[in-house]
Amino acid sequence: MMAAGHWGPGVKGSCRLGVQMISCLLREVAGRPSLFIFVCWRKSLVSLLFDIDGTLLRAGNAGMKAVHETLVEMFGEVPESNLVVHGRTDHGIMTDVFDLLEKDYQQHRGEFDQLYWDKLPGVMAKSDGFLLPGVAGLLEELSAAPDVALGILTGNARVAADIKLKHFGIERYFSFGGYGDDHSDRNQVAAVAVEAAREELQGSFDADRVWVIGDTVNDVNCARSVGAKVIAVETGGGTKDELTEAAPDFVFEDLRDVESFLFSVRN
Ligand SMILES: [Mg+2]
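The structure presented is a predicted model; accordingly, all values stated were derived computationally and were not measured.

Each value, and the rule that gives it
Residues numbered from 1 in each chain as written. Predicted model: local features only at pLDDT ≥ 70, side-chain atom pairs only at ≥ 80, totals over all residues. Helix = DSSP H or I, 4+ residues; strand = E, 2+ residues; numbered from the N terminus. Buried ≥ 20, exposed ≤ 12 C-beta atoms within 10 Å, placed from the backbone. Contact = placed C-beta atoms within 7 Å. Core = buried A, V, L, I, M, F, W, Y, C linked by C-beta atoms within 7 Å. Domains from an automatic or database assignment. Pairing = 2+ DSSP bridges. Right-handed = clockwise from strand over helix to strand, strands pointing away. Axes fitted to C-alpha atoms, helices over the stretch in contact; angles between N-to-C directions. Parallel < 35°, antiparallel > 145°, perpendicular 65-115°, else oblique. Left-handed = near helix turned anticlockwise from the far one by under 90°. Nonpolar A, V, L, I, M, F, W, Y, C, P; charged D, E, K, R; others polar. pLDDT = per-residue confidence, 0-100.

### Describing the overall build of the protein
Counting its regular elements, the protein contains 11 helices and 8 strands. Within the span of the protein, comprising 267 residues, buried residues form 37% of the whole. In the protein, 66% of the contacts between residues at least 6 apart in sequence involve partners at least 24 apart.

This is the structure we're talking about:
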């Protein structure tokens, strides 16, 4: 029997086995750069939270068209005022729309939301929406990168977000998110998205490596409200001057430059 505190053969054997395993692993990854990066980075992933409208895609105003169709079906009218919708949440927008109609959104919310979601796929199919430049290639590249995780941070309600992403076949890239039915305040939606990332990634989540990618000043502000870094893109609701004034970490014309995007979020 081995004496207490003795550095016995069993422990040495375990150490040798551990060294052999590490040596084997290093040999295995030496010729495979992506696996090597994964081994080095697996404890700290970059969480990327993408806005949808104006950042990943243009829905051809399908959301508002479906809202109008739903309001006409429910009440026979739509409000005349043009509301600002960029960078806001579905919940906040619909509260204002119902206020203009002098009706209570909460009272009608269940019926309205279901009708709206039922109509949205058909309206999307008839609208001239499109994926924004570079998005398809960027998502494909990011999904293959072992050191990043992809999530959503949007003002769209979860069901509406899924409908829009599925319309363009890009829903499969995202595994967590914060949505416009989580809160009416976009900053609170950002907080939900960060928590969703933390829950999904567990020990690999790194609060210092969270990025928001969005097209409006509201996206920049909600990123800052949760301590995230932010890339603003000029493909949606914000002009270059407006976005620059909001002081994001980077302003990109669009998402075509995959190399610059990856370099920015990895450093
Ligand atoms: Mg947007």
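That covers the picture; the talk isn't over yet.
### Brief notes about the nonpolar core
Counting residues in each nonpolar core, the largest one holds 65 residues, and the members touching the most others are Leu-48, Leu-49, Phe-50, Ala-190, Trp-211 and Val-212. Sorting elements by how many residues they give to this core places helix α8 (residues 186-201) first, with 6 residues. Residue assignment places this core across two domains, with domain 1 (45-59 + 130-266) and domain 2 (62-126) each supplying three or more. Beyond its immediate stretch of four places on either side in the chain, Leu-49 contacts Gly-151, Ile-152, Leu-153, Ala-193, Val-210, Trp-211 and Val-212.

### A closer look at the pairing of strand β4 (residues 148-153)
Burial runs high along β4: 5 of the 6 residues are buried. In terms of strand pairing, strand β1 (residues 45-50) meets β4 through 5 bridges, oriented parallel. Bridge pairing in β4 places Val-46 opposite Val-148. Pairing between β4 and strand β5 (residues 176-178): 3 bridges, direction parallel. Paired with Gly-151 across the two strands is Phe-176, which belongs to β5. In this view, the connection linking β4 to its parallel neighbour β5 by way of helix α7 (residues 158-167) has right-handed handedness.

### Points about the packing of helix α3 (residues 62-75) against helix α5 (residues 105-126)
Interhelical geometry of α3 versus α5 gives an angle of 130° and a closest axis separation of 8 Å. Accordingly, the angle class assigned to the pair α3 and α5 is oblique. The two elements α3 and α5 cross, and the hand of that crossing is right-handed. On α5, the residues that touch Ala-62, Lys-65, Ala-66, Val-67, Glu-69, Thr-70, Glu-73 and Met-74 of α3 are His-108, Glu-111, Phe-112, Leu-115, Tyr-116, Lys-119, Leu-120, Val-123 and Met-124. Of the residues assigned to the contact of α3 with α5, the class counts are 10 nonpolar, 2 polar and 5 charged.

### Quick word on the confidence of the model for the protein
Residues at a pLDDT of 70 or more form 84% of the protein, whose mean pLDDT is 86. In the model, residues 1-26 has pLDDT below 50 throughout and makes 2 contacts with residues more than four positions away in sequence or in other chains.

### A short note on the environment of Val-233
Topologically, Val-233 is positioned in strand β7 (residues 229-233). Remark: the alpha-carbon pair of Val-233 and Ile-213, spanning 20 residues in sequence, is separated by 7.3 Å. Setting aside anything within four residues of it in sequence, one finds Val-233 in contact with Thr-55, Ile-213, Asp-215, Phe-252, Asp-254 and Leu-255.

### Notes on α7
Among the residues of α7, those classed as buried are Ala-160, Ala-161, Ile-163, Lys-164 and Leu-165. Elements in contact with the buried residues of α7: β2 (57-58), α3, α4 (90-100), α5 and β4. The first or second residue beyond α7 is Gly-169, which carries a positive phi of 70°.

### Focus on the environment of Gly-54
Structurally, Gly-54 is set in the loop between β1 and β2. With 21 C-beta atoms packed within 10 Å, Gly-54 lands in the buried category. When the C-alpha positions of Gly-54 and His-86 are compared, they lie 8.6 Å apart, and in sequence the two are 32 residues distant. Leaving out residues up to four positions away in the same chain, Gly-54 has contacts with His-86, Asp-215, Thr-216, Thr-235, Gly-236 and Gly-237.

### Some words on the sheet that holds β1
As a general point, the strands of a sheet are linked pairwise by backbone hydrogen bonds and lie either parallel or antiparallel. On the basis of which strands lie adjacent, the open sheet formed by 6 strands has the order β5-β4-β1-β6-β7-β8 and parallel pairing. Pairing within the sheet leaves two strands with one partner each, and these edge strands are β5 and β8 (250-252). Between one strand and the next, the sheet's axes are offset by a mean angle of 25°, whatever the strand orientation. Docked against the sheet, α8 engages β1, β4, β5 and β6 (205-214), running at close to 165° with respect to β5.

### Focus: the environment of Ala-149
Tracing the sequence through the fold places Ala-149 in strand β4. Its 23 C-beta neighbours within 10 Å are what place Ala-149 among the buried residues. Between the C-alpha atoms of Ala-149 and Tyr-173, which are 24 residues apart in sequence, the distance is 9.0 Å. Excluding residues within four positions of it along the chain, Ala-149 makes contact with Leu-45, Ser-47, Leu-48, Ser-175, Ala-197 and Leu-201.

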